[in-house]
Amino acid sequence: MSLESYVWAAPKAELHLHLEGAIRPTTILTLARRNGVQLPSSTVEELRDWFHFRDFAHFGEVYSAISRCLRTADDYELIAFELAEELARQNARYAEVGFLPAFHARMGVSEATYLGGLSRARERAQRELGVEMAWIFDLGRAWKGGETETRRWATYAVDVAIDARSEGVVALGLGGSEVGHPPEQFGALFDRGRAAGLHSAPHAGELVGPASIRGALDALGAERIAHGVRAIEDHALLAELAARQVALDVCPTSNVCLGVYSSLAQHPLPRLHAAGAVLTISTDDPALFGTTLNGEVALLADPFALGVGAIDDILLNGVRHSFLPARAKQRLEATYRAELDVLKAVHLGTRVEDSAS
Ligand SMILES: [Zn+2]
């Protein structure tokens, strides 16, 4: 019985992970063979090493190798269904998964191809695994070819996202290098998506400080912020995020891998929590950062030293701040609460009546 075994067993939801960054190295190898693509290594061990995050240039190389390996609807179904299997292993029953439409379209893959595969995987995940996945279509902050190409591909992503709302697309995201690409450049595109009923969950406050969070709130109507950890540098902004209940989808291992903080000991998660910020916890790019959702959640206990009440709150925030319809959210939260109470009794020796009070 321990807090660690409790968090491993707990039901979870994940709101900040990218499909392209979650593909297993073994699967990349399978896809490369299937589609006749040359990779820098031909064994799983070497590929696993090559996959691990080193720096931004390498990050770009890995992402581009991944994009060359994906050609058919079956390929997309495979990677999305394998993600659902991984979510099931982490006991995550709901996830909002980032996907970069332009990244695939630029390689000549049509929206019918990738949407076909994603939709089949989504249906099978629900039916066979009890895992529900929704998509956050990411515009991409900077594409090769400068501002004109970036605008062209960001517009493409918004068009596809609006058309694919019935196929599980719930929100627009905005990832990629924040430096030199402020949120304000994408305000009109987010306005169009939001007018069509899509939610807003851009990245901000990771490599650029509080100004990018301010821009995401004001120009993009952000309802959640992917990362947002650098809100810790601006107390007024942090208080506003807490008061408006804008959740920060935090990925501690990613922040350390990308050098936002030099170590987990420097990470502001406990201070963000103490300041009243609404937090959720996620993996970002689990295959590239060598992490899992259970691993990230376990960090809340050690080294972040949060108590079980705070951990429950962060786990439940993954449901409460999801883009599920209100009724579905209430039902899922009630199910999670009941399960957490039972798990507390099993793993922590807490009486159910105590934890329910
Ligand atoms: Zn991310």
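Our subject is the structure that appears above.
Residues numbered from 1 in each chain as written. Predicted model: local features only at pLDDT ≥ 70, side-chain atom pairs only at ≥ 80, totals over all residues. Heavy atoms only, no water.

Colleague: Help me understand the packing of aromatic side chains, please; the structure alone is not making it clear to me.
Modeller: Two measures describe an aromatic ring pair: the distance that separates the ring centres and the angle between the ring planes. Under the defined criterion, the tally for this structure stands at six aromatic pairs. Centre to centre, the rings of Tyr63 and Phe103 are 5.6 Å apart; their planes meet at 65 degrees, and the pair counts as edge-to-face. Of this pair, Tyr63 sits in helix H4 (residues 56–69) while Phe103 sits in helix H6 (residues 101–105), and the two are 40 residues apart along the sequence. Judged by relative accessible area, Phe103 falls into the buried class, the value being 10%. A centroid spacing of 5.2 Å and a plane angle of 50 degrees characterise the contact between Phe99 and Tyr114, whose relative ring orientation is tilted. Here Phe99, found in strand E2 (residues 92–99), pairs with Tyr114, found in helix H7 (residues 111–129); they are 15 residues apart in sequence, far enough to count as distant. (Phe/Tyr/Trp six-rings, centres within 6.5 Å; stacked < 30°, edge-to-face > 60°. Helix = DSSP H or I, 4+ residues; strand = E, 2+ residues; numbered from the N terminus. Buried < 20%, exposed > 50% of the residue type's maximum accessible area, 1.4 Å probe, protein only.)

Colleague: Explanation requested: the sheet that holds strand E7 (residues 224–227) in the structure shown.
Modeller: Picture the strands of a sheet paired through backbone hydrogen bonds; they go either parallel or antiparallel. The four strands lie next to each other as E6-E7-E8-E9, forming an open sheet whose pairing is parallel. Each edge of the open sheet is held by one strand with a lone partner, namely strand E6 (203–204) and strand E9 (279–281). Pairing of strand E8 (residues 247–250) with E9 involves three bridges; the strand directions are parallel. Bridge assignment links Leu248 to a residue of E9, and that residue is Leu279. (Pairing = 2+ DSSP bridges.)

Colleague: How should I be thinking about the coordination of the zinc ion in this particular structure?
Modeller: Ideal values differ by geometry: the angle at a metal is 109.5 degrees with four tetrahedral donors, but 90 or 180 degrees with six octahedral donors. Donor atoms from the polypeptide that bind the zinc ion are His16 (NE2), His18 (NE2), His203 (NE2) and Asp284 (OD), placed at 2.1 to 2.2 Å. Between the four donor atoms coordinating the zinc ion, the angles at the centre fall across 84 to 173 degrees, so the site counts as irregular. Donor residues for the zinc ion sit on one chain with the sequence pattern H-x1-H-x184-H-x80-D. Placement of His18 in strand E1 (residues 12–18) and of His203 in strand E6 is noted, with a sequence separation of 185 residues between them. (Donors = N, O, S within 2.8 Å, 3.2 Å for Na, K, Ca; no water. Tetrahedral: all angles 85-135°; square planar, octahedral: opposite > 155°, others 65-115°.)

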